[in-house]
Amino acid sequence: MAARVCKSYKVLVGMEIHVQLATHSKMFTGAANGFGGEPNSQVDEVVLGLPGTLPVMNKRAVEYSIKVGLALGCQIAKHTKWDRKSYYYPDLPKNYQISQYDLPLCYEGEFTIAGEDGQPKTVRIRRAHLEEDAGKLMHEAPGGYAIDHSIVDLNRAGTPLLEIVTEPDLSSPKDVATFGQELQKLVQFLGVSEAQMQMGHMRFEPNINVHITDQDGIVHKTAITEIKNLNSFSVLERATAFEIARQLREWEETGSLGKKSTYGWDEASGSTFFQRFKEDAHEYRYFPDPDLVPVEVDDAWLATLKAEIGEMPAARLKRYIEALGLPLADATLLAGDHATGQLLDGAVAAGASAKRVANLILSHGRRIANERALPLGRLNLKPGRLAELARLIDENKIAAAEPAGKVLERLMEQDAPAEQIATELGLIQSSDTGPIDAAIDALIAQNPKSLQDYRGGKQAALGALVGMIMKGGKGLNAKVVQERLREKLGQG
Amino acid sequence: MPEFDTLISARDAIRSKQVSAVELTRRALERIAQLEPRIQAFNSVADERAMGRAKAVDAGEITGALAGMPIALKDNLCTSWGTTTCSSKMLENFRAPYDATVVKKLEAAGAVIVGKTNLDEFAMGSSTENSAFKTTRNPWDTDRVPGGSSGGSAAALAAGMCVASIGSDTGGSIRQPAALCGLVGLKPTYGRVSRYGLVAFASSLDQVGPFGRTVADTALMMNVISGHDRKDSTSVPSAVPDYLADLETPLKGLRLGIVKEYDLASGIDPEVKRAVDAAVAMYKQLGATIVDVSLPTTPYGIAAYYVIAPCEASSNLARYDGVHFGHRTKEPVNDIIELFSKSRAEGFGEEVQRRIMIGTYALSSGYYDAYYVRALQLRTLIRRDFDNAFSQCDAIVCPTSPIPAFKAGEKSGDPLQMYLCDVFTVTCNIAGIAGISIPCGFTAGEKPLPIGLQLLGPNFSEEKLLRIARMYEAATEWHTRRAPLA
């Protein structure tokens, strides 16, 4: 019998993504939605699921979820409800999770990323629903001491969790990782999640199978496997690649298409490992939670949330390139971060040139942000002041290089007119030709050799002359100095 | 017969300084000490705490509509002191770290909670025999049950161990024991009283409500416990009327509905039927018009109830797994599943386990549509039936329980017989409407047993229902009789 030969194959990956929402309080109670602290310190009687307690919906969490839904082009349910998903596990205090079953808050959207092949790749979003997170089971004591039992930390329990489910529209490990990264940027842009991967704010579960075409043109479809709980983009990419290869190898070696199952990821060996078959899946016994009332989303509420989101990153990028005339690279950096984009737009609205402001943010701003290990969006600059600084440069009152950087740095601490700060720092330059000409004349009188060098064809001497004038007379505009010098030397 | 054994008389006696709060509380505690061996109404008695609060009332430190009133609380309402057991081995030692909203409201009004009363485990039952700790006795005949599940609260009040008490009603658990113990018991409209801190049995059916000796006592209790609570999303943010204000004003043009289907219901005790018919005749004398109404889905009420309630219970009681709180098995276990199942098998009584299993089964995929979804469809139909009926009458009048108090042990071996005790009460919970039971007579014989009349009204009709109840009460003397206790 002929060996199985995989002539070609098609990869199908759908994703389930859990995003923890950065609300002040938990999903169904006023307990702080915080991280860290002593185990079981971020809890109250509702989080603990004590007898008699009742959940109360966190409206902000619903709003955050609707924002994500809108940004993903989803339909937003006009009417939805809460359901109980039952399963027994010690990190789930009530032994049911409040979730959404058949009426997700958001459904039928799409999200486009730049595919590995350079083409736009549109991933359909099946649904995004809101639920509460579980606690954590720990098998060693805080500090890493071995214990002969497990302990439960419920700090995470009750955190609002948005579960986004896509259709199986991704077709390569690289695209899977890109999708994850773009989604991270999106929720950060919307300000609904800190989306710090190492903190577990986002967790990914790719569902993977391959359609194999053999030497006879017959298509074999492997069973879908789900890799649980991946929380870095690198792992997401490597785990997806490993699982694709594993399914192909299994078919080639045994002819088996496998069974629907879940896998885990072992970072040490760089491989996925079998966890359980889906036939053993839990019987979740979903039913509507009688402790909560249905959620009605009206048009006015949606309009408010749309207005709060404002312009989406893609639209903003397009506008920066087309209307503001910024280069692609700069526009991408500025549009990718909500706060930075607002700073730029604010300064432009205050009358500054877009290119000048973009340069200030991307040169000085970025340098300072790097030095201080701050996100670019957290520079604490006022758009109006930034516009003033841009205007000083445009009016030749300050040099765009180091002096402007110094003023910008000061503007982060001090809310004062840029010109006042530049004056205080002694950075205002003069473009008045009177003193400049006087300085040039004095220099020429003192340095006849340089003059001869220049006239003899050593253009480099010009730079040295400008430097000498700038050193001698403070606050002169170097550009004007250079212009006047060239003119005067040319004359002679 | 103890003095000042109604809420209003006790309140007035304190206000006029005829008696002190300390004296009133001392008498209640003495009465408990004296009768408790026979009645078995309390799971715990908070004597020291009660005396402390009574002293504070006398010192003027605590005031309010219920200042100094000895009140008993069903032991499924959480208190930040003592235990909250639900009469279950599972929660035998459970100490809640917080007060139920109703408890906060009672104490803010000055109530002196004397103790927490026995119930059918997790409020599942109609006789208080399903308690893991004790069987409460009916003060009118201690061979008989007080009804349930709020049997402890009913028996405590009927025995004069308090001047009013609090129960919870999921399918009749306030009204039926009120009927069997000769008291007034009100099941408020769903959402009228906060459920926060009421240990859930069936969340969409549970309501906290009062027992009183009189309609006015019940109205005063409603004034205190009603109202919206941010912590209970299902509580309703509408204003609470003063239920006492117009209580003495008879309702003009009162129309009372008689349900055709109830008349045909088999199993109504002839003495109950006679008493209820006489009560209807009395209302006619008082000027009421009697109209025939139809609740065609009534025969399915019990069936719908015994799907919805166990489904919700199976989920609500899932948290009792021996991990975070409550009973944990001391047997050796191999894994977490065994810890769960052994703890639950040991901690829950037979009736609770039966309902958890029914509910778990009915919610499972493949059965969900056949049972739960159909029960919810019935719920819609039952609500519609009531809406139709209430377009023709102000209230429906019927027996509360088809039978008077039965003997302990008589039905405990037959769950179906027990479930039929709820035939006239469950649809009220399914529809979410208000219902009240008032005394309307006694059986003949050596030890006469109380009979209860039920009045059902639309959502938020408590004010009207209380007035209708008061019209009858003012014309009769049943409420003045006391259980023959030494």
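Residues numbered from 1 in each chain as written. Chains lettered and ligands numbered in written order. Predicted model: local features only at pLDDT ≥ 70, side-chain atom pairs only at ≥ 80, totals over all residues. Heavy atoms only, no water.

Could you give me a rundown of the overall build of chain B, with the residues and numbers involved?
Of regular secondary structure, chain B possesses 16 helices and eleven strands. In summary, chain B has a C-alpha radius of gyration of 21 Å against a globular reference of 23 Å for 486 residues, a match within 12%. For chain B, the C-alpha atoms occupy an extent of roughly 70 × 55 × 50 Å along the three principal directions. The 486 residues of chain B split such that 65% are buried. In chain B, the share of contacts with a sequence separation of at least 24, taken over all contacts with a separation of at least 6, comes to 76%. Just so you have it, chain B exposes about 16,700 Å², and 51% of that area is on carbon and sulfur atoms. Taking the 51 positively charged and 53 negatively charged side chains of chain B as two groups, their mean positions are separated by 2 Å. (Helix = DSSP H or I, 4+ residues; strand = E, 2+ residues; numbered from the N terminus. Rg over C-alpha atoms; globule rule 2.2 N^0.38 Å. Buried < 20%, exposed > 50% of the residue type's maximum accessible area, 1.4 Å probe, protein only. Contact = heavy atoms within 4.5 Å. Areas by Shrake-Rupley, 256 points an atom, 1.4 Å probe, with all protein chains shown as cover. Lys, Arg positive; Asp, Glu negative; His and termini not counted. Charge placed at Lys NZ, Arg CZ, Asp CG, Glu CD.)

How would you summarise the overall build of chain A if you had to cite specific residues and measurements?
Counting secondary structure elements, chain A contains 15 helices and 17 strands. For 492 residues, the compact-globule formula gives about 23 Å, and the C-alpha radius of gyration of chain A, at 31 Å, lies well above that figure. Looking at chain A alone, contacts between residues at least 24 apart form 68% of all its contacts between residues at least 6 apart. Of the accessible surface of chain A, which amounts to about 22,600 Å², a share of 52% is contributed by carbon and sulfur atoms. When the 56 positive and 65 negative side-chain charges of chain A are each reduced to one mean point, those points stand 6 Å apart.

Let's hear about the environment of Ala100 of chain B: which residues, and what values?
Residue and element names in this part refer to chain B. Within the secondary structure, Ala100 is located in the loop between strand E2 (70-74) and helix H4 (101-108). A residue is classified by how much of its surface remains accessible, and Ala100, at 0% relative accessible area, is buried. Sequence separation of Ala100 and Ser80 is 20 residues, and the distance between their C-alpha atoms is 8.5 Å. With sequence-adjacent residues up to four places away left out, Ala100 is seen in contact with Leu77, Cys78, Tyr196, Gly197 and Leu198.

For the pairing of strand E10 (residues 434-442) of chain B, give the residues involved together with the corresponding values.
Residues and elements named next belong to chain B. By the criterion of burial, E10 is predominantly enclosed, with nine of the nine residues buried. The pairing of strand E5 (residues 184-187) with E10 spans three bridges and is classified as antiparallel. Bridge pairing in E10 places Lys187 opposite Gly435. Direction of pairing for E10 relative to strand E11 (residues 450-457): antiparallel, over a ladder of eight bridges. Counterpart to Ile436 in the pairing with E11 is Leu455. (Pairing = 2+ DSSP bridges.)

Go over the interface of chain A and chain B, please, and point to the residues and values.
With 30 residues of chain A at the contact, the number on the chain B side is 38 residues. Roughly 2,800 Å² of surface becomes buried between chain A and chain B when both sides are summed, with 58% attributable to carbon and sulfur atoms. There are one salt bridge connecting chain A and chain B. Salt-bridge contacts for Arg195 of chain B lead to Asp291 of chain A; the nearest nitrogen and oxygen are separated by 3.2 Å. Between the two partners, chain A and chain B, sit 18 residue pairs in polar contact (both at pLDDT 80 or more). Among the residues forming the side of chain A that touches chain B, the class breakdown is 20 nonpolar, four polar and six charged. (Buried area = accessible area lost by both parts, 1.4 Å probe. Salt bridge = Lys/Arg side-chain N within 4 Å of Asp/Glu carboxyl O. Polar contact = N/O pair within 3.5 Å; in protein donor to acceptor, adjacent residues only side chain to side chain. Nonpolar A, V, L, I, M, F, W, Y, C, P; charged D, E, K, R; others polar.)

So what about the packing of helix H9 (residues 270-285) of chain B against helix H16 (residues 462-475) of chain B? Which residues, and what values?
All names here are of chain B. Interhelical geometry of H9 versus H16 gives an angle of 95° and a closest axis separation of 10 Å. For the element pair H9 / H16, the angle class is roughly perpendicular. Between H9 and H16, the contacting residues are Ala279, Met282 and Tyr283 on the first element and Ile468, Ala469, Met471, Tyr472 and Ala475 on the second. Within the contact of H9 with H16, the residues separate by chemical class into eight nonpolar, no polar and no charged. (Axes fitted to C-alpha atoms, helices over the stretch in contact; angles between N-to-C directions. Parallel < 35°, antiparallel > 145°, perpendicular 65-115°, else oblique.)

Hey, could you go over the nonpolar core for me, with residue numbers and the actual values?
Counting 106 residues, the largest nonpolar core has Leu66, Leu106, Tyr283, Ile438 and Leu455 of chain B as the members making the most contacts within it. Discounting residues that sit within four places of it in the chain, Leu66 of chain B has contacts with Leu7, Ile71, Leu106, Ala109, Gly110, Ala111, Leu220, Met221 and Val224 of chain B. Residues Met15, Ile76, Ile113 and Met202 of chain A belong to the second largest nonpolar core, which totals 65 residues. (Core = buried A, V, L, I, M, F, W, Y, C linked by side-chain atoms within 4.5 Å.)

Quick rundown of the domain arrangement of chain A? Include the residues and the values.
Under the domain assignment, chain A is made up of domain 1 (12-213 + 275-296), domain 2 (311-424) and domain 3 (433-491). Placing a centre on the C-alpha atoms of domain 2 of chain A and another on those of domain 3 of chain A gives a separation of 33 Å. (Domains from an automatic or database assignment.)

Give a description of the pattern of salt bridges that names residues and reports values.
Across all of its chains, the model carries 62 salt bridges over all chains by this definition. In this structure, Arg484 of chain A engages Asp437 of chain A in a salt bridge whose closest nitrogen and oxygen atoms are separated by 2.9 Å. Of this pair, Arg484 of chain A sits in helix H15 (residues 478-491) while Asp437 of chain A sits in helix H12 (residues 433-446), placing them 47 residues apart in sequence. By the burial criterion, Arg484 of chain A is buried, and Asp437 of chain A matches it. The residue Arg354 of chain B makes a salt bridge to Glu351 of chain B at a minimum N-O spacing of 2.2 Å. Placement of the pair is Arg354 of chain B and Glu351 of chain B together in helix H12 (residues 350-363), with a separation of three residues, close to one helical turn. Residue classification places Arg354 of chain B among the partly exposed positions, given a relative accessible area of 25%. The buried category is assigned to Glu351 of chain B, whose relative accessible area is 9%.

Help me get a handle on the packing of helix H7 (residues 338-349) of chain A against helix H8 (residues 354-372) of chain A, residues and values and all.
The packing of two helices is summarised by the inter-axis angle and the distance between the axes. All names here are of chain A. The interhelical angle for the contact between H7 and H8, taken along N-to-C directions, is 140°, at an axis separation of 9 Å. H7 and H8 meet at a crossing whose hand is right-handed. Listed contacts from H8 to Thr340, Leu343, Leu344, Ala347 and Val348 of H7 are Ala354, Val357, Ala358 and Ile361. For the contact of H7 with H8, the class distribution of residues is eight nonpolar, one polar and no charged. (Left-handed = near helix turned anticlockwise from the far one by under 90°.)

Lay out the confidence of the model for chain B in plain terms, naming residues and giving numbers.
Mean pLDDT over chain B: 96, with 99% of residues reaching 70 or higher. Both confidence scores are given for the complex: pTM 0.86, ipTM 0.96. (pLDDT = per-residue confidence, 0-100.)

Please provide a residue-by-residue account of empty space enclosed by the protein, values included.
What the rule picks out here adds up to nine cavities of 30 Å³ or more. Each pocket or cavity is described by its volume, and for the largest cavity that value is around 180 Å³. (1 Å grid on protein atoms, 1.4 Å probe; cavity = no way out; pocket = protein on both sides within 12 Å on 5 of 7 lines; lining within 4 Å. Points joined across faces, edges and corners; volume = space filled by probe spheres on them.)

Now, about the sheet that holds strand E8 (residues 289-293) of chain B: what can you tell me, with residues and values included?
All names here are of chain B. As summarised here, the arrangement of the eleven strands in space is E1-E3-E2-E4-E6-E5-E10-E11-E9-E7-E8, forming an open sheet in which the pairing is mixed. The two strands at the open ends of the sheet, each matched to only one other strand, are strand E1 (42-45) and E8. With direction set aside, neighbouring strand axes in the sheet form an average angle of 30°. Taken together, the five bridges between strand E7 (residues 255-259) and E8 define a ladder with parallel strand orientation. Among the inter-strand pairings, Ile258 is bridged to a residue of E8, identified as Asp292. Contacting E1 and strand E3 (112-117), helix H3 (residues 47-58) crosses the sheet at an angle of about 160° to E3.

Tell me about the packing of aromatic side chains, and name the residues and values.
All names here are of chain B. All told, the structure shown has 28 aromatic pairs over all chains when counted by the stated rule. Between Phe94 and Phe325 the ring centres are 5.8 Å apart and the planes differ by 45°, which places this aromatic pair in the tilted class. Of this pair, Phe94 sits in the loop between E2 and H4 while Phe325 is found in the loop between helix H10 (301-316) and helix H11 (336-347), placing the two residues 231 residues apart along the sequence. With respect to burial, Phe94 and Phe325 carry one shared label: buried. Where Phe442 meets Trp478, the ring centres are 6.1 Å apart and the plane angle is 50°; that geometry is what we call tilted. Taken as a pair, Phe442 in strand E10 and Trp478 in the segment after H16 lie far apart in primary sequence, 36 residues in all. You can call Trp478 partly exposed: its relative accessible area is 22%. An aromatic cluster is built from Phe94, Phe122, Tyr320, Phe325 and Phe348, whose rings are joined through pairwise contacts. (Phe/Tyr/Trp six-rings, centres within 6.5 Å; stacked < 30°, edge-to-face > 60°.)

Can you explain a nonpolar patch on the surface? Please cite residues and give values.
All names here are of chain B. A grouping of Tyr361, Tyr367 and Tyr371 is seen on the molecular surface, where their side chains present a nonpolar patch of about 290 Å² in accessible area. The residue Tyr361 is located in helix H12 in this model. Look at Tyr361 and you get partly exposed, because its relative accessible area is 41%. (Patch = residues over 30% accessible without salt bridge, like charges linked within 9 Å, V, L, I, M, F, W, Y side chains within 5 Å.)

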